Each structure stands twice: as C-alpha cells, then as structure tokens.
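Listed below, chain by chain, are the residues.
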Amino acid sequence: MELLVPLFYLWMFVGPIIALVTAQSANRRINDLECKLREMKGRAAKGWEPSLKQVSAQATPGDSLPVETIPEPEDVPSYAQEFEMPPPLPPKAFNPPAIKRPPPMPSAPPIRPVAQPLAVPRPSTVKPPAAPGLNLEQFMGVKLFAWVGGLALFLGIVFFVKYAFERNLIPPGVRTMIGFVLGLGLVAGGVAMKRRAAYQVLAQTLCATGVLVLYGVTYAAHALYKLPPFESPIVTFFIMAIITLAAFTLAVRMDAQVVAVLGMIGGFLTPILCSTGVDRPFELFSYIALLDIGVLAVAKRKRWLYLTALAAGGTMLMQFGWFVKFFQSSGYAMGAVTVIPMGILLGFAGLFTHAAWRSRLRDDDDAFPAISALALCGGAMMAAFVFVNCGTIADRPFLLYGFVFGINALVMAIVWQQPRVVIAQLIIAMLTFLHLSVWTTSVLTNALLPQALFIYLAFGILHTVFAILWTRRKETAPLAMGWTPVISLVLLLMPMICLDSVSFAIWPVILLVDLLIIGLALSTRSLAPVLAALGITLLTAGVWLFRLPVHEPHSLIPFLTVVGGFAMLFGVASSFLNRRIPEARHNSYLPISSAVLPFVLLIMATLRLRVDDPSPMFGLALLLAVFLLGLARVSGTTVLVPTALGCVVALEWVWHEGQFNPQAPVLPLLWYLGFYALFTVFPLVFRRSFVERRLPWAASAAAGIGTFWFVYQLIKSTWPNEMMGLLPAGFAIAPALLLLFVAKRHAPENPARLSQLAWLGGVTLLFVTLIFPIQFHRQWITLGWALEGAALCWLFRRVPHPGLWATGLGLLGAAFIRLAVNPAVLSYQSPGATPLLNWQLYTYSIAAGAMFAAARTLRPPRDFWNGFNLRGVLCSLGGILLFLLLNIEIADAFTPAGSRSIVFEFDGNLARDMTYTISWALFALGLLGIGFWKRLAPTRYAGIGLLALALLKLFLHDLANIDSIYRIGALVVVAVIALLASFLYQRFSTEDPS
C-alpha cells in the first residue's frame, strides 16, 4: 500500500485542476448558449422591424438584402407613408435632328436630387458578450490557495491523529470524539459561509475538508480501535453511508464540484493513510463501494460525468494495491477464498456498468461512464491472466471462466449501451481467446477436457448470440463480429495438438460451433467465416488422422464418419447460403471448397494408412459423390459435378499408385467402373434439369478419360493380352451413344448444345484414335495424337466449338515435337532388310498427312488466331516432317546392316552425300512448284532457301573430291534442277501476283 501514497499525492493536485479547467470550459459553453437563446427569444417576441433612423444610418449604395430576405409590402406600411415615388414622365416622340452637324454642347443643367430606391439593410446580429476567460491570478489567489489550504489542514489533522495514535497521547475514545467535533464544525462553518456570495469558494473548501475528517475518524474508530459501536461493521458502514450521503448532498446543494472532487480524494486517501497492514477486504471494499456509489450518484445528478472516470481510476488503484500486497500473503491463490478477489473485481466492474446504463438514460454523448466501466473490466481481465498461474484456480476451470465470462457479459452490456465502443467486444473476445489458449496449452489434461469443451462451446454461444442480437438491432454489424465464433474452432483444434489422445466427444462440440457460425452468417451476410470454419474443422480432422495407428484399419471408420458428416453439413450449408445470400462475397468458393476438402482428407488418409481393401475409402467417396451430384441437381450449382469427378479420380489415382495389389484386381475394377457409370449416366438421367447446361455433359464425357487409365493399367498388369486395342473401343461406345442422343434430342437453338457435342465428340474420337497406339506400340502413340488432332479439327467444321480446334492443334503440335525433336524415334526399331519400307515411312507420312488434312479443314475465317495463319503453320509442320522423312530414309538406306538404330553421317560415303544433295534439291524444286501452283510466297521462299542450302553443300562439301564421277553426276543433276527452278520463276513469276 505504501507504493500508492506518491501517486495519490500527485493525483490530489493534478486531478482537481484538470477537473476544474474542464468545468470552466463547460461553463463558457453554457454562457454562449444562454446568450444565443436570449437573442432568439427577443427576436421572436419583437419581430424584425427596423426604424427609419436605423435604415438611413445603415443604408449605403449597393447594400441590399438578398431577394429571399426582403419583406413583403404589407409588412412595412411605414415605408409607403414616409416615401412617395414620383409619377412617371410622359413619353416623348423621337425626332432625328435636321442638320448634319451636331449643335454645340449646352451648359449642364443643375442636378436635381432624384429619389433613389431605398436599400434595405441586412438585419444586424447582436453578438453575445464574450465569456470571461480563465484569470490565472484569480484562480490561484482565490480558489487554488483555498483548496490547498483545506487539503493541508486535512493532512495536518490526519498526521497529528496518526502521531497521537502511535504514542497514545490521547485515548482512542477522546480522539474519535475530537475528530467528529472538528469535522462537523468544518462542515457547519462551510454551510454558514455559503450564505455570503463573496465566500463561496472558502465555504466549499471547509465543507470538503470536514467531510474528509469525518471519513478518516470513522474508519479509524472501526479499523484501529474497535470502539463501540464502531466495532460492528453494520454500524460503521451505516455511519460512512451517512457521511457519504451528506458530502455529496452538500456538493449538489452548493453546486460545488470541488466538494465532490475533494471529498472523493479524501475518501480514497483515508484507508491508505490509516492502514494497519491487516487484510480486511470486506470492510475496505465495502467502504470503496459506498464511496463509488456516492460519486456516481453525484455525477449522474449534476452531469459531472468526468467524476466517474476519476472514481474508476481511484478504485483500480485501490484494487491493484490490495492485490499486490495481500493476494499471495493472505492465501487467495488457493482454497475457497479465491472467490473473494474475483467477487471484488467483478462487483466493481458491474457497479460501473450499471452506472453507465443509468447515465445513458440522460446523456447520449458523454462516454466517461462507458470508458470507466470498460477500464474496470480490463483490469479484471488482467487479473484473470494472473489466476492462470495459480494452480488451485487454474485446475477449477468452471470457477475461473465463470469469472472471465462474467467480464465478457459486462463488456457486451456496455457495448450495447454505448455503440460507439463496439470495438471493445472484439478486444474482449481476443483477450478471452488468448486466455483460453494459455490455459489450454499449459493446464489442460484429459481429465479436464470435458469441462474445457463446455467452456469452448459457451464462449462461442455467448459471442454468437450477441452478434445476432446486434445485427437485429443494427442494419449492419462490424466485420470482425462475425469472426468471434470461429475462435472457438481454433480453441477446439488445440486439444488435438496438445494432448496425446482426444475423446470422440470433441466432434459434437465442433458440430455445434459450426452450426453457430452458419447461423451467424445468415445474420451478418458474410460467408468468409463459414469458409474459415470449414477449413479449421477439416484441419482438426487432419490432425486427428495423424494420431491414428497406421496398421489398424478399424480405426479408420470413426475418421471416415466424421469426414463424411461434416462434408454433408457444409455441402447443404453452402447450397442454402448461396440461395439466401446470393450477393455475398466468396459465394462461388464455398460450394467448391466444401466438395474438395473432404476428398483431400481421404487422399491424406490413403497416403498415411495401409488400406488393402479400398471399399471404406471408395464407399465414402461414392457417398460424397452422390451427395454432390444430388446437390447440383437440387441447387443448380453444376460446377459441383466436374469438381466431384476430379476429386474421385484423384482419390482413385492415389490408391491405385500406392496400394493396388494385382492379386486382388476384381474389387478395384468394379469400383472404377462404378464411378465411371455414375458420372456417365448422371446428365442423361436428369436430362430435363441439365438440357441447357454444359458442365454435367462435359463431366460425363471426361469420366471415361479418368477411368480409362486405371482400367488399362489394371488389365495390363493382371490380364495381359494381345487385344488391348479393344479397351479404348469399348470406352468409345458410351460417349458415342450420348453424342447421338444429344444430336437428335437437343434442339439446335439450345445454347449449350454446341459444347455438349464438342465434349462428347472429342472424347469419342480420342478413344477411337487410342486404338492404334494401344494395340500397337511406340510410334502408334504419336500417330494416335496426330490422327486425334486431325479428327478434332474435322469435327470443328461440324461443331464450331473453339475448344475442339485448340485441343486438336495441341495434339498435332505434340505429335510434331515427338517426331521432329525426340531423337529416340531413331532407335525404336532396328533397320530392316528392305530399304525405304520401314515404320518411319508410314509414321511420318501419316503424321504429315494429318497436318495437311487439319489445315484443309480450317477454312476461313477460322484459319487465323491472334494474327497467325493456322493453315500455313500446319502445312509448314507437315512439310518439315516430310523433309525429315526424306533424310531418315536416306540415312536408313545407307546404315550398315546389323546396326541397332539409324545412323546420320555426312562424310565418308560418296553415294550417300550425292543422294542427300540431289534429294534436297528435288525437294526444293517440289516446294517451288507447289508455291507457284498454289501461289504461296512462303512456300517458294522455303524452296529457294533449301535449294541454296543444297548448292552450298554441293560446292563446299561435295566438290572436295572432284575426281569422283558420282560427285560430277551430282553436280550435273543439281545444276539441271537449278536451271529448272530458274525456268519456273521466269515462266510463272509474271503470273503470280503474290
């Protein structure tokens, strides 16, 4: 307690000065308002009628009222009587002068006064007299010295009494009597002096000093000397109540803020100065409560609401001093007496909260009561953090969090009363979350888990109910208010992390909190907290997954139950919220997230746990898929169909790659085909609902692509055979039948028909072209890509969907890269015995033909994309493939027998060198001929370039050994080709406009 003495001394001098300066400013504002009110009343009683003298004295040229302020004629009859306007002059006929020269200028006639229109002056505004400023000399000489003198007199009396007490100079009974006589005498003298106006300040000071003396004597008689009848707490507090009531009654009757301020300061100083070092919390804080009640009553009666803040500050200092000195030494940290500090802190916070509610009834703008109550709630919350470190308190969570939730309730009451401090609700929620986090990580055990779950749920319910009530009261709620229940989910995640094993009972609590968040989303019209709740819930399930034993498949059943249940909950919630809040942000993310995240957990479980039988995993996946498809049917959110398909395929792939056993292939095959059938027939079964939708039919077509790979790998590893090409043929049947169905049953004006035909037709062609690479090997994969690309471009002519030609061009490009850039194609097979007749001949020629066929199908205006001539690009790719084929055939013909692959060499073989040169020249001649025939300048340019390359090769490489007859023959042949090319240019260049 000794630590508080310097603070109180500083507060004794600074606090009253601040309070009085504030009061002086308020008085000046009141004087201004009174002057304005008197002026308005005078104008309303007399009206606005300026006299003639005022008008003539104030009128100046150009000074007139605005149009809307000029009075009507019937309002100013005196003007019409005193001023008469002259009659207008008769008009004269205008005669032009007869002479051409103007006459001499006559002398100016005397100027006669002409009556000017009267300018009505603006009404003069009477300025109120300026409020007198704060005179420092008067303040210090009259008020400050009187206050300091009264306070010094009080301190002198207190210290004299303390000195006499310590040395027993005066018997206790006499001391008490002297103190009461002195206090009452000071009060009586102040009341007597109040009758004279010149001594108001001194009268108020004497009254305040007398009140301080009465407080001190009463407390000393009870706490120090136990004098009868003061030894009875009831009698002592009754007397203190009378003193408090008298002090604040004097302050109200004398209109003296100084009496209230000094009386309050003396009241708080009394227990400090007369402290005996013995812990008596009931007497001390009952006394403080009476003092606070008196201050709050005066503040409410006189509207001196700043006194509320001063009283709250004094109360917090008293609580802090008592807490520091007696909390540990008096054993409040253990045993049943723990409720005493909690009751003290919560009781004073409730007292000031009640005062804030009462003050609200009369003053909507003054925030002093609300801020004072919030300050006391904050001090109580800080004490709650201290209680966490006390084992006996922390081990009783219902007691501890009954105290914490009481603080939360008081803060919510204050926010409800004073909406301007709504941020306090978020602050107290975050502090409570922090408190619960500290308690969970440091104290929580399996034995305390049921109580902890109840507390987490209570925290979520408390703030959710407040947020819903707030949104009903206000049109909109602060954004953060909808997030407070999400904190409960984070708290429920912590036991999963902190404890070695967690009871299944945690999941019903998580379910209830999720329902609270979903209900709150309807009120706040915000879906972001629901998204966060979905993520945190499934994250909690993921943490639980890693606590499950790896080799116990039966432990997977509770996990799958939880995942499936929450997936359906959030699936239904997303559909419902999308309908009720269509304008909300994150509207499109919630259905997809609620569909994807459960499958993510299933994939994680598949990766972690050993599951030889996929039925539990695939069974839940089937249930979720059917649920999502039904939800898409009911809600019309068709994006759920391809989302469900992608999730199922991903789960199948993870299980097949990690846990598929070729010894038991039948069950997985049935699951694969079952999923395929589900997604394939889904849009057909609900055709009326999806006749004008794209995504269900696209998912139906794509289902075969995802399933085919698993079935192909399963059959290839389990039942290998020579007829694998029948498998893609079988998968082509379903999309082909659906393609015919859509083409016949869906009307041409259907906006989705084009996309439906494109997907079904594209997938059908894909499986048809897959027959060749699967039935055969290696190069047939490339041929399948090329033929599929050409087929899609052909289908694009019938079904002009941009996805078809884009996919077709992509496949053609992939085939070109595989044949032109991949060096492994040279080693697919060993060179055969017959030159030229090899696999490269049909592979490159068919791929080039596919390029040319695709170019032919892309007719204007669909042959350009972003400025690129797609037909020209495809023809160029086909020409490059033919040129590569030419070189490969030459290399194959000259590759030595027994080689494993084709060998490219350009030195050491005269016949091969000549063949290359002549073939290049002939190919160039063919390009020139095609260029002139089709009038294609780029083709001619390519021919010229290739011919130039052949000539360079001839002169720089082939003529190195001119003695060879073969090289001479090559020279002659190339020369003839060059002359023929020249002839072609001379013959056709004049006819080719390009």
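As the structure is a computational prediction, the values presented were derived from the model and not from experiment.

This part is about the overall build of the chain. Per the secondary structure count, the chain includes 36 helices and 2 strands. Out of the 994 residues in the chain, the part that is buried amounts to 46%. As displayed, the chain has an accessible area near 50,100 Å², and 68% of this comes from carbon and sulfur atoms.

A few words now on the packing of aromatic side chains. In total, this model carries 35 aromatic pairs according to the counting rule given. Where Trp544 meets Phe559, the ring centres are 6.4 Å apart and the plane angle is 55°; that geometry is what we call tilted. Remark: Phe559 occurs in helix α20 (residues 556-580) and Trp544 occurs in helix α19 (residues 528-545); sequence separation between them is 15 residues. Judged by relative accessible area, which is 0%, Phe559 ranks as buried. Among the aromatic residues, those joined into a cluster by ring pairs are Phe618, Trp655, Phe660, Trp671, Tyr672, Phe675 and Phe710.

Turning our attention to helix α9 (residues 281-302). In this model, α9 (22 residues) spans 31 Å end to end at C-alpha, consistent with the 32 Å of a helix rising 1.5 Å per residue. Positive backbone phi, approximately 60°, marks Arg303, located one or two places after α9.

A separate point is the side chain of Thr537. Tracing the backbone through its elements, the reader meets Thr537 in helix α19. Since its relative accessible area comes to 1%, Thr537 is described here as buried. Looking at Thr537, its side chain comes within polar contact range of the side chain of Asp514, at 3.1 Å. Sequence-distant contacts of Thr537, defined by excluding residues within four places in its chain, comprise Leu489, Trp507, Ile510, Asp514, Phe566 and Phe570.

The angle between the axes and the distance between the axes are what describe a pair of packed helices. In the contact formed by α9 and helix α10 (residues 306-326), the axes pass within 9 Å of each other and the chain directions differ by 170°. Here α9 lies roughly antiparallel to α10, going by the angle between them. Where α9 abuts α10, its residues Pro281, Leu284, Phe285, Ile288, Asp292, Val295, Leu296, Val298 and Ala299 lie against Leu307, Thr308, Ala311, Thr315, Met318, Gln319 and Trp322. Class assignment of the residues belonging to the contact of α9 with α10 gives a composition of 12 nonpolar, 3 polar and 1 charged.

Turning to the pattern of salt bridges, a few remarks are in order. Where charged atoms from two side chains of opposite charge approach closely, those side chains can pair. Scanning the entire structure with this criterion turns up 1 salt bridge. Between Arg610 and Asp612 there is a salt bridge, and its shortest N-O distance comes to 2.8 Å. Residue Asp612 is classed as exposed on the basis of its relative accessible area of 55%.

A few words on a positive patch on the surface. Taken together, the side chains of Arg797, Arg798, Arg856, Arg871 and Lys934 make up a positively charged region of the molecular surface. Mapping Arg871 onto the fold places it in helix α33 (residues 870-894). Its relative accessible area of 30% is what places Arg871 among the partly exposed residues.

The next subject is the side chain of Glu652. Inspection of the secondary structure assignment puts Glu652 in helix α23 (residues 640-659). Buried and without a salt bridge, Glu652 has Arg610 as its closest oppositely charged side chain, separated by 17 Å.

Counting residues in hydrophobic clusters, the biggest one holds 244 residues, and the most contacted among them are Leu307, Phe387, Trp439 and Phe559. Beyond its immediate sequence surroundings of up to four residues, Phe387 is in contact with Phe323, Phe327, Pro341, Met342, Leu345, Ile393, Ala394, Leu400 and Phe403. In this structure, Ala891, Ala921, Leu927 and Leu947 belong to the second largest nonpolar core, which totals 10 residues.

Another aspect to go through is a nonpolar patch on the surface. Where nonpolar side chains cluster on the molecular surface, the patch consists of Val337, Val339 and Ile340 and spans about 190 Å² of accessible area. Mapped onto the fold, Val339 is located in helix α11 (residues 339-360).

Before going further, it helps to examine the environment of Gln713. Among the secondary structure elements, Gln713 is positioned in helix α26 (residues 695-718). Given a relative accessible area of 22%, Gln713 falls into the partly exposed group. Along the sequence, Gln713 and His656 sit 57 residues apart, while their C-alpha atoms lie 9.3 Å from each other.

Moving on, we get to the environment of Ala203. Among the structural elements, Ala203 can be located in helix α6 (residues 200-223). You can call Ala203 buried: its relative accessible area is 0%. Measuring from C-alpha to C-alpha, the distance between Ala203 and Met193 comes to 5.3 Å, with 10 residues separating the pair along the chain. Excluding residues that lie within four positions of it along the chain, Ala203 makes contacts with Gly190, Met193, Lys194 and Met254.

A few words on the packing of helix α17 (residues 484-498) against α19. Running from N to C, α17 and α19 point in directions that differ by 5°, and their axes come no closer than 10 Å. Here α17 lies roughly parallel to α19, going by the angle between them. Across the interface between the two elements, Val486, Leu489, Val490, Leu492, Leu493, Met496 and Ile497 from α17 touch Pro529, Ala532, Ala533, Ile536, Thr537, Leu539, Thr540, Val543 and Trp544 from α19. For the contact of α17 with α19, the residue count by class is 14 nonpolar, 2 polar and no charged.

For the chain, the mean per-residue pLDDT works out to 76, and 70% of the residues sit at or above 70. Taking the mean pLDDT of every element in the chain, the minimum, 43, falls on helix α3 (residues 77-82) and the maximum, 93, on helix α24 (residues 666-685). The low-confidence segment residues 91-100, where pLDDT is below 50, has 0 contacts with residues more than four positions distant or belonging to other chains.

What counts and what doesn't
Along every chain, residues carry numbers that run from 1 in the direction the sequence is written. Predicted model: local features are reported for residues with pLDDT of at least 70 only, side-chain atom pairs are reported and counted for 80 or more only, and whole-chain, interface and lining totals are derived from all residues. Derived side-chain values reflect all non-hydrogen atoms in the structure, with water molecules and hydrogen atoms excluded from consideration. Helix numbering and strand numbering both begin at the N terminus, where a helix is a DSSP run of H or I of at least 4 residues and a strand a DSSP run of E of at least 2. Residue exposure (1.4 Å probe, protein chains only): buried if accessible area is under 20% of the type maximum, exposed if over 50%, otherwise partly exposed. We get accessible surface area from the Shrake-Rupley algorithm with a probe of 1.4 Å; when it comes to residues, only the shown protein chains can shield them. When two rings of Phe, Tyr or Trp (its six-membered ring) have centres within 6.5 Å they constitute a pair, described as stacked for plane angles under 30 degrees, edge-to-face for angles over 60, and tilted for the intermediate range. Helix span, expected: 1.5 Å multiplied by one less than the number of residues in the helix. Throughout this description, a polar contact denotes any pair of N or O atoms lying within 3.5 Å of each other; where both atoms belong to protein, one of them has to be capable of donating a hydrogen while the other can accept it, and for residues adjacent in sequence the pair is counted only when both atoms sit in side chains. For this analysis, residues touch if any pair of their heavy atoms sits within 4.5 Å. Axis definition: a line fit to C-alpha positions, over the contact stretch in the case of helices; interaxial angles, taken between N-to-C directions, run 0 to 180 degrees. When describing relative orientation, an angle under 35 degrees is termed roughly parallel and one over 145 degrees roughly antiparallel, while 65 to 115 degrees is termed roughly perpendicular and anything else oblique. The nonpolar class holds Ala, Val, Leu, Ile, Met, Phe, Trp, Tyr, Cys and Pro. Asp, Glu, Lys and Arg form the charged class, and all remaining residues, Gly among them, are polar. By definition, a salt bridge exists where a carboxyl oxygen of Asp or Glu is found within 4 Å of a side-chain nitrogen of Lys or Arg. The patches described consist of residues with a relative accessible area above 30% and no salt bridge, like charges being joined within 9 Å and nonpolar side chains (Val, Leu, Ile, Met, Phe, Trp, Tyr) within 5 Å. Residues scored as charged are limited to Lys and Arg (positive) and Asp and Glu (negative), so that His and the chain ends carry no count. We put the charge of a Lys on NZ, of an Arg on CZ, of an Asp on CG and of a Glu on CD. Each nonpolar core is a collection of buried residues, namely Ala, Val, Leu, Ile, Met, Phe, Trp, Tyr and Cys, held together in the definition by side-chain atoms within 4.5 Å. Along the chain, pLDDT gives the predictor's confidence residue by residue, from 0 to 100.

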